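# Per-entry structural report
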Amino acid sequence: MEPSELRSLRQETDPLADGVVQKYFQESSFDRSKTLFFFDFLAKNSNPIPPGLPPYFEDYFKESEVLPDWTDPQQIARAQGIFSRFGPQILMMLCVKSLPMAYSCGNGAQVLLKTGRLVEQKGSVSGVNRRLMETTQFVISILQLSGLGPDGRGVRVAQKVRLMHASIRYFLAQGGDWNPEWGSPINQEDMAGTLQSFSSLVLQGLDLSGIKLTIEEKDSFVHLWRVVGHILGVKPELCPEGYEAAYALGESIFLDQRKASEAGHILTQSLIDFMEYMLPGNIFDGLPLYFLQTYTGEETSKALGLPWPPKDDLGTFIEKIFVDLDLKADDGSGFSKLSSYFATKLLFSMDHFYYDGKKAKFWIPPSLRGDWGI
């Protein structure tokens, strides 16, 4: 799409979800308990609709749960099979590619910073941990086997994310400090870019990691996220079919919006701190930064405020952990094995931390635990 077309989308949002949220918060005076009740419901993953919500919420969930008639169950099953094989690497891409690409969009990053949930609060990383865990949980719910089926978690979780987006738009509008030059908060261009950061750009990252999928597999993965885009309220023309078209759209959006910003720099550093916090000790020192630089490339790294060129090389990290990897620094498959190793360790650490520390509920289906050796 042409830049002018993309820019026009920055004033468009999601009338269905916006209407529900506005009605809920405007039909009576501000009530703190009512607000907390609503956000507590949104945070509880796939839980059913509680009796305290007005009946028009049921109408919203019934309308938005209907999958489009072009949905292909075979392609969805194929995409979920990819996740069962390479789930840790796909989830790692959230931290080293998907989220950093979103942070490189100077205007869109303002929303993430203003919500205050992706940066440290008074020296605590708990808010960062929770938000990144919620994102990871969202992807697991979507990509697990039957996640988009009638009894799957994925549809309900996506419906709640859609309402969360509308809630953020509503409260930012009430705050009075949103710069209209940034476009509407969580607008159609930003949503379309985010969708591609979770789908076609993840596939590009897997390819860089040495995971070679067929074009049929790539198209299926994009198809699944195209269905998710429909549930999330992304306009149909911003959810193209097929890997090549989807990747081209994602690249167009990120090139259009890539711009250095204080918000993007703060969010990126917070993300690096999160990964280093989840993997204590010094064996992984510098590796999160190295992966961010490698998976996003020179121009995006610079927009994120990251140093360039990377200070460390692949051999440095392989030598640190050669006992576990049984690799030599000049092994041609070194980067692929290193990224796979890091992905598994990161997911294990996140899962272990949240269960043993009782910080939040983090759910991975037993079948995927078996596939991933967790």
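Residues numbered from 1 in each chain as written. Predicted model: local features only at pLDDT ≥ 70, side-chain atom pairs only at ≥ 80, totals over all residues. Heavy atoms only, no water.

- Looking up the chain in an unreviewed UniProt entry gives the name DUF2236 domain-containing protein, with the organism given as Leptospira fletcheri.

## Side note on the overall build of the chain
- Counting its secondary structure elements, the chain contains 19 helices and 0 strands.
- The buried share among the 374 residues of the chain stands at 53%.
- Once local pairs closer than 6 in sequence are excluded, the contacts in the chain between residues at least 24 apart make up 74%.
- Entry remark: accessible area of the chain is about 16,500 Å², with carbon and sulfur atoms responsible for 53%. (Helix = DSSP H or I, 4+ residues; strand = E, 2+ residues; numbered from the N terminus. Buried < 20%, exposed > 50% of the residue type's maximum accessible area, 1.4 Å probe, protein only. Contact = heavy atoms within 4.5 Å. Areas by Shrake-Rupley, 256 points an atom, 1.4 Å probe, with all protein chains shown as cover.)

## Observations concerning the side chain of Thr-136
- Relative to the helices and strands, Thr-136 resides in helix H7 (residues 126–143).
- Thr-136 gets classed as buried once you look at its relative accessible area, which sits at 4%.
- A polar side-chain atom of Thr-136 sits 2.9 Å from the main-chain carbonyl oxygen of Leu-132.
- Once residues within four sequence positions are removed from consideration, Thr-136 is found in contact with Leu-91, Leu-94, Met-350 and Phe-362. (Polar contact = N/O pair within 3.5 Å; in protein donor to acceptor, adjacent residues only side chain to side chain.)

## Some words on the packing of helix H3 (residues 32–43) against helix H8 (residues 154–175)
- Two elements in contact, H3 and H8, have axes separated by 10 Å at closest approach and are oriented at 145 degrees. Of the residues in H8, those in contact with Thr-35, Phe-38, Phe-39, Phe-41 and Leu-42 of H3 are Lys-160, Leu-163, Met-164, Ser-167 and Phe-171.
- Grouping the amino acids of the contact of H3 with H8 by side-chain chemistry returns 7 nonpolar, 2 polar and 1 charged. (Axes fitted to C-alpha atoms, helices over the stretch in contact; angles between N-to-C directions. Nonpolar A, V, L, I, M, F, W, Y, C, P; charged D, E, K, R; others polar.)

## Description of the side chain of Asp-256
- Note on placement: Asp-256 falls in helix H12 (residues 243–257).
- Filtering out sequence-adjacent residues up to four positions away, Asp-256 remains in contact with Pro-3, Leu-6, Arg-7 and Glu-189.

## Notes on the packing of aromatic side chains
- Scanning the entire structure with this criterion turns up 26 aromatic pairs.
- Where Tyr-295 meets Phe-335, the ring centres are 5.6 Å apart and the plane angle is 45 degrees; that geometry is what we call tilted. Taken together, the residues span a long stretch of sequence, with Tyr-295 in helix H14 (residues 287–296) and Phe-335 in helix H18 (residues 334–356) at a distance of 40 residues.
- The exposure class of Phe-335 is buried, given its relative accessible area of 13%.
- Taken together through their ring pairs, the aromatic side chains of Tyr-24, Phe-25, Phe-38, Phe-39, Tyr-56, Phe-57, Tyr-170 and Phe-171 make up a single cluster.
- Stacked on the ring of Trp-363, the Lys or Arg Arg-153 has its end atom at 3.6 Å from the ring centre.
- Between the NZ or CZ atom of Lys-218 and the centre of the ring of Tyr-243, over which it lies, the distance is 4.8 Å. (Phe/Tyr/Trp six-rings, centres within 6.5 Å; stacked < 30°, edge-to-face > 60°. Lys NZ or Arg CZ within 6 Å of the ring centre and 35° of its normal.)

## Concerning the pattern of salt bridges
- Using the criterion set out here, one finds 15 salt bridges in the structure.
- Here Glu-58 ties to Lys-62 by a salt bridge, and the two come within 3.3 Å at their closest N and O atoms. Taken together, the residues span about one helical turn, with Glu-58 and Lys-62 both in helix H4 (residues 56–64) at a distance of 4 residues.
- When its relative accessible area of 42% is taken as the criterion, Glu-58 is described as partly exposed.
- Overlapping salt bridges bring together Arg-10, Glu-189 and Asp-190 as one network. (Salt bridge = Lys/Arg side-chain N within 4 Å of Asp/Glu carboxyl O.)

## Comments concerning helix H5 (residues 73–103)
- Look at H5: only 33 Å from first C-alpha to last across 31 residues, short of the 45 Å you get at 1.5 Å a residue.
- The axis of H5 is deflected most strongly, by about 90 degrees, at Phe-86, and proline Pro-88 appears within four residues downstream.
- Within H5, 25 of the 31 residues are buried, which leaves it mostly tucked inside the rest of the structure.
- For H5, the side-chain oxygen to backbone nitrogen distance between the N-cap and Gln-74 is 2.9 Å, and the N-cap itself is Asp-72. (Expected span 1.5 Å × (residues − 1). Bend = angle between axes of the 7 residues up to and from the residue.)

## Notes on the environment of Gly-315
- Of note, Gly-315 is situated in helix H16 (residues 314–320).
- In this structure Gly-315 comes out as buried when scored by relative accessible area, which is 15%.
- Between the alpha carbons of Gly-315 and Phe-335 there is a distance of 9.0 Å; along the sequence they are 20 residues apart.

## Points about the packing of helix H9 (residues 188–198) against helix H11 (residues 215–232)
- The N-to-C vectors of H9 and H11 enclose an angle of 150 degrees; their axes lie 10 Å apart at closest approach. Relative to H11, the element H9 is oriented roughly antiparallel. Taken as a pair, H9 and H11 cross one another with a handedness that is right-handed. Contact residues: H9 offers Met-191, Leu-195 and Phe-198, while H11 offers Phe-221, Trp-225, Gly-229 and Leu-232. (Parallel < 35°, antiparallel > 145°, perpendicular 65-115°, else oblique. Left-handed = near helix turned anticlockwise from the far one by under 90°.)

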